[in-house]
Amino acid sequence: MLNKIIFTLLLTLPFYSMAEISEEAKYASFLVQVNLTKYSEKSERCRNKMRSFTLSSTDRARLKKLPKEASKGLTKLLDDALLQCTQPEIFNLANSLLILEEQNTLEKSSVIKEQVHLIRKLVFSKTSIQPNIEYSQLSPGLQSKLNKIDFLKYPFDMFVVIEGAWGLPH
């Protein structure tokens, strides 16, 4: 719900003070809005794939052969899968956001600054280094085995995977 409120605010925010910014900044802001809309739509489709995920018996059996510590790598693999799923939209959004930020180094507009801040908070604040650290601490052999499991390259429900492979966490 909060994301929808922020998204709506992002779409309306730039129109309040457009008189104070250049045509280039207006266009850059418009591109960000277009790319944010495309990303949001694609992201929702990816999340729907994640929610509808089912673990096949073959994949369950394959995972059960791995030590439980393999579950520590799943967050990074899910992040990677969602990032891949939202391509090229997330790249286009990030690129247009960088262009807008660069334009704002000249403009110094509080409206643009707020737009950039809200988009970063909405889209890019979810990234964390911790999943990468946990994944890197797995043995190279275990990383290789996880990377060879095809379904982990696409949006999946991490809790379904953990429960199906190793049982409920304690």
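Residues numbered from 1 in each chain as written. Predicted model: local features only at pLDDT ≥ 70, side-chain atom pairs only at ≥ 80, totals over all residues. Heavy atoms only, no water.

**As for the packing of helix H2 (residues 23-51) against helix H5 (residues 89-107)**
Point 1. Contact pair H2 / H5: the axes reach a minimum separation of 8 Å and the direction vectors enclose 155 degrees. In terms of orientation, H2 lies roughly antiparallel with respect to H5. In this structure, the crossing between H2 and H5 has a hand that is left-handed. For the pair H2 and H5, the contacting residues are Glu-24, Ala-25, Ala-28, Ser-29, Leu-31, Val-32, Asn-35, Leu-36, Lys-38, Tyr-39 and Lys-42 in the first and Glu-89, Ile-90, Asn-92, Leu-93, Ser-96, Leu-97, Ile-99, Leu-100, Gln-103 and Glu-107 in the second.
Point 2. Each residue belonging to the contact of H2 with H5 can be placed in one class, and the counts come to 11 nonpolar, 5 polar and 5 charged. (Axes fitted to C-alpha atoms, helices over the stretch in contact; angles between N-to-C directions. Helix = DSSP H or I, 4+ residues; strand = E, 2+ residues; numbered from the N terminus. Parallel < 35°, antiparallel > 145°, perpendicular 65-115°, else oblique. Left-handed = near helix turned anticlockwise from the far one by under 90°. Contact = heavy atoms within 4.5 Å. Nonpolar A, V, L, I, M, F, W, Y, C, P; charged D, E, K, R; others polar.)

**Quick look at the environment of Ser-71**
Point 1. Relative to the elements of secondary structure, Ser-71 occurs in the loop between helix H3 (57-64) and helix H4 (74-85).
Point 2. Taking the C-alpha atoms as reference points, Ser-71 and Leu-146, separated by 75 residues in sequence, lie 9.6 Å from one another.
Point 3. Excluding residues within four positions of it along the chain, Ser-71 makes contact with Ile-162 and Trp-166.
Point 4. Polar side-chain contacts of Ser-71 include one of 2.8 Å to the backbone oxygen of Lys-68. (Polar contact = N/O pair within 3.5 Å; in protein donor to acceptor, adjacent residues only side chain to side chain.)

Scope: geometric values only; no functional claims are made or implied.
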